[in-house]
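Each chain is listed here by its residues.
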Amino acid sequence: MPYEYFCESCEAVSPDQRERRVDAEDELVDHRRQSHGGLAPAAGDGVRRVHAEARGDGCLPSGSFWAVLFFLALFLANCWGR
């Protein structure tokens, strides 16, 4: 599972996911230097694991895909019922 950094203060997230936690931490340190003068923001920041399947960019469809499919099925069932 890949890693990404996040910053609660400025709502920044890694532009790219990293396979190693150390690489995401390096990006976090760079973000702190560029955006916060090298200090940790008061709102918090960190590195987290990302499940690619849950984001819809992996092998499995995302939750929004299933929701659209469900409502499409309801719509078609309503059309055929008349």
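Residues numbered from 1 in each chain as written. Predicted model: local features only at pLDDT ≥ 70, side-chain atom pairs only at ≥ 80, totals over all residues. Heavy atoms only, no water.

Caption draft 1: Region of the structure containing the pattern of salt bridges. Inspection of the entire model under this criterion finds six salt bridges. Residues Glu4 and Arg48 are paired through a salt bridge, measuring 3.2 Å at the closest nitrogen-oxygen approach. Note that Glu4 is positioned in strand 1 (residues 3-7) and Arg48 in strand 3 (residues 45-49), a separation of 44 residues in sequence. Of the charged contacts, one joins Arg21 and Glu25 as a salt bridge, the two residues approaching to 3.1 Å between their closest N and O atoms. In this pair, Arg21 and Glu25 are both assigned in helix 1 (residues 21-36), four residues apart and thus about one turn of the helix distant. Classification of Arg21 as partly exposed rests on a relative accessible area of 36%. (Salt bridge = Lys/Arg side-chain N within 4 Å of Asp/Glu carboxyl O. Helix = DSSP H or I, 4+ residues; strand = E, 2+ residues; numbered from the N terminus. Buried < 20%, exposed > 50% of the residue type's maximum accessible area, 1.4 Å probe, protein only.)

Caption draft 2: Inspection of unusual backbone geometry at higher detail. The phi dihedral of Glu11 falls on the positive side, at around 55°, and the residue is not glycine. In this structure, Glu11 sits in the loop between strand 1 and strand 2 (12-13).

Caption draft 3: Layout of the side chain of His31. Mapped onto the elements, His31 comes out in helix 1. By relative accessible area, His31 is classed as buried at 9%. If we ignore the near neighbours within four places in the chain, the residues touching His31 are Tyr5, Cys7, Cys10, Ala12 and His36. (Contact = heavy atoms within 4.5 Å.)

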